[in-house]
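# Examination of the molecular architecture
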Amino acid sequence: MQPNTQEFQPFVMERMMSRYEQTVEFNLSESGVHPVTVEELVGQDQRILDEVLKTELTYPEVNGIPELRQNIAAIYQGAAEKNVLVTVGGIEANYLAVTSLVQPGEHMVVMVPNYMQVWGLAKNRGVEVDTFGLERSREWSPDLDELEDRVKAGTRLIALCNPNNPTGSILTEAEMDRIVEIADSVGAFILSDEVYRGAERSTDTETPSFFGRYDRVVAVSSMSKAYGMPGLRLGWAVSDPGTLDAMWARHEYLTISATAVSMKLGEYALRPEVRQRLVDRTRRFIRQGFPNLEEWMARYGGLFESVSHQASAVALLPYTLDINSSDLAERLRVEKSVLVVPGDHFGMDGFMRVSFGLPPEILTPALDRIGELLESLS
Ligand SMILES: Cc1ncc(COP(=O)(O)O)c(C=O)c1O
């Protein structure tokens, strides 16, 4: 029997990235900052090095080693160890949340644009998926009247990403409160993907979590974005113990657990003093990279419209050239060896998503190459 590829909704952006990200000279499709090395993480701390060397390569606690769950819980007001399930990346936590909370044929609403994992996953599960938008004309604030219209009796889940990938916008507290009210009106869960919490550019205030604002919340995060360590493949969900148990039961089918070494390094990275150092590092890359990106855009005058951005290491650039975004991305890859994400991957032609949380010696030549192609097309 052949797999039924016709009905399968691939994760288009990840397909493109996994095919090409290792083959281009400049990868601006990545959505995190320049990655931390193991050496940079542990530095001269001989004790943690010894602990890592002595870590038994066994199955660790399947729901996450207790010290790691404690350190994660400490980042969420009102959370304890029992509120945390450790997963293989935020991506697994999102997967477990959707498969635990929404059954085929049931209804959910997804914020768009978005990292399209939850949308595609729900489609493939046979879930009825509606969307509500972030409004470009209002600096990517959410259209909550649209959300209210889409939500109905029986809506199981509202899924959102805050701070948002790809726009970099942050919900206000008033917007969060209204989303809770709308969810509560039908008893829906909120799945809040918060991987960019801590990666703020325009403010030093850490984005508040949805956890603790409502009793039906799954808050997802990971080591990948705010901490610069996607290679640890370590993420988590924070929720009530009952919901986490349903997710844990699915986790056993999918991955059993994250790895012992990752959990040990993750536990170290989330100790308060180390965590602060990592968040500061991430913000430094983001806050140095964004002005460089803006200066570069200004050099190309009318080729770009202005960008509104508050957090994350990626920006969604609206360009004025008459070329489809997938065609543009493909030409950049083939002709300039630069990988960017076309707006098409978010249903938004006319945009390209670029990462900018990179050292100038990588960002500058990469942007220059994009500029060369854009100039030749204009
Ligand atoms: C919004 C968002 N959620 C989840 C993920 C998955 O990340 P990870 O599994 O590395 O934590 C990503 C990765 O790009 C993302 O941008």
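Okay, so let's go over this structure.

Criteria and thresholds
- Residues numbered from 1 in each chain as written.
- Predicted model: local features only at pLDDT ≥ 70, side-chain atom pairs only at ≥ 80, totals over all residues.
- Heavy atoms only, no water.
- Pairing = 2+ DSSP bridges.
- Helix = DSSP H or I, 4+ residues; strand = E, 2+ residues; numbered from the N terminus.
- Patch = residues over 30% accessible without salt bridge, like charges linked within 9 Å, V, L, I, M, F, W, Y side chains within 5 Å.
- Areas by Shrake-Rupley, 256 points an atom, 1.4 Å probe, with all protein chains shown as cover.
- Salt bridge = Lys/Arg side-chain N within 4 Å of Asp/Glu carboxyl O.
- Contact = heavy atoms within 4.5 Å.
- Buried < 20%, exposed > 50% of the residue type's maximum accessible area, 1.4 Å probe, protein only.
- Phe/Tyr/Trp six-rings, centres within 6.5 Å; stacked < 30°, edge-to-face > 60°.
- Lys NZ or Arg CZ within 6 Å of the ring centre and 35° of its normal.
- Near = heavy atom within 4 Å.
- Polar contact = N/O pair within 3.5 Å; in protein donor to acceptor, adjacent residues only side chain to side chain.
- Nonpolar A, V, L, I, M, F, W, Y, C, P; charged D, E, K, R; others polar.
- Axes fitted to C-alpha atoms, helices over the stretch in contact; angles between N-to-C directions.
- Left-handed = near helix turned anticlockwise from the far one by under 90°.

All right, on to the sheet that holds strand β12 (residues 341-342) then. Strand pairing in a sheet is mediated by backbone hydrogen bonds. Such pairs are either parallel or antiparallel. Pairing is antiparallel in the open sheet, where 3 strands are placed in the order β10-β13-β12. Two strands lie at the open edges of the sheet, namely β10 (314-318) and β12, each paired on one side alone. With 2 bridges joining them, β12 and strand β13 (residues 351-355) adopt antiparallel strand pairing. Across the sheet, the residue bridging to V341 is R353, located in β13.

Looking now at a nonpolar patch on the surface. The grouping of Y95, Y253 and L254 at the surface amounts to a nonpolar patch, some 380 Å² of accessible area in total. Along the chain, Y253 turns up in helix α9 (residues 241-254).

Mapped onto the elements of the fold, Q310 is located in the loop between α11 (272-299) and β10. Taking the C-alpha atoms as reference points, Q310 and I170, separated by 140 residues in sequence, lie 6.6 Å from one another. Leaving out residues up to four positions away in the same chain, Q310 has contacts with G168, S169, I170, E200, R201 and S202.

A cis amide bond links V112 to the next residue, P113, at an omega of 0 degrees. Considering the arrangement of structural elements, one finds P113 in the loop between β3 (107-112) and α6 (117-124). With a phi close to 50 degrees, E139 is a non-glycine residue in the positive phi region. Considering the arrangement of structural elements, one finds E139 in the loop between β4 (128-135) and β5 (141-142).

Residues of strand β9 (residues 235-238) alternate between two faces, with G235 and A237 on one and W236 and V238 on the opposite face, all of them buried. By the bridge criterion, 4 bridges tie strand β2 (residues 84-87) to β9 in an arrangement that is antiparallel. Within the sheet, the bridge partner assigned to V84 lies in β9 and is V238.

With the rule as written, the count across this model stands at 6 aromatic pairs. Plain terms: the ring middles of F290 and F356 are 5.4 Å apart, the flat faces sit at 65 degrees to each other, and that makes the pair edge-to-face. On the criterion of sequence distance, the pair formed by F290 in helix α11 and F356 in the loop between β13 and α13 (360-377) is long-range, its members being 66 residues apart. The same class applies to F290 as to F356, namely buried. Among the aromatic residues, those joined into a ring-pair cluster are W296, Y300 and F304. We note R333 situated over the ring of Y20; from NZ or CZ to the ring centre the distance is 3.6 Å.

The next thing to look at is the site of the ligand. The local shell around the ligand holds 14 residues, among which G90, D193, S222, S224 and R233 are the closest. Between the ligand and the protein, one listed contact pairs an oxygen atom with a side-chain N or O atom of S224 at 2.6 Å. For the ligand, an oxygen atom lies 2.7 Å from a polar atom in the side chain of R233. Surface burial for the ligand is 95%, taken as the share of its 400 Å² of free accessible area covered by protein chains. The element contributing the most residues to the shell around the ligand is helix α5 (residues 89-101), with 3 residues. Of the residues contributing to the shell around the ligand, the split by class is 5 nonpolar, 6 polar and 3 charged.

Where helix α4 (residues 66-73) contacts helix α10 (residues 260-269), the axes come no closer than 9 Å and their chain directions differ by 40 degrees. Handedness of the crossing formed by α4 with α10: left-handed. Within the contact between the two elements, α4 uses E67, L68 and N71 and α10 uses M263, G266 and E267.

In this section: the sheet that holds strand β6 (residues 155-161). The strand order across the open sheet built from 8 strands is β2-β9-β8-β7-β6-β3-β4-β5, with neighbouring strands paired in mixed fashion. Looking at strand neighbours, the two that pair on one side only are β2 and β5, the edges of this open sheet. Bridge count for strand β7 (residues 189-193) against strand β8 (residues 217-222) is 4 bridges, and the pairing is parallel. Its bridge partner lying in β8, D193 is registered against V220. The strands that α9 touches are β2, β7, β8 and β9; relative to β2, the one it contacts most, it runs at about 20 degrees.

Before going further, it helps to examine the pattern of salt bridges. Within the structure shown, the criterion is met by 24 salt bridges. Across the pair R283 and E200 runs a salt bridge, and its minimum N-O distance is 2.6 Å. A residue pair is termed long-range when its members are at least 10 positions apart, and R283 in helix α11 and E200 in the loop between β7 and β8 qualify at 83 residues. In this structure, D368 and R299 form a salt bridge, with 3.7 Å as the shortest nitrogen-oxygen distance. Note that D368 is positioned in helix α13 and R299 in helix α11, a separation of 69 residues in sequence. A residue is classified by how much of its surface remains accessible, and R299, at 55% relative accessible area, is exposed.

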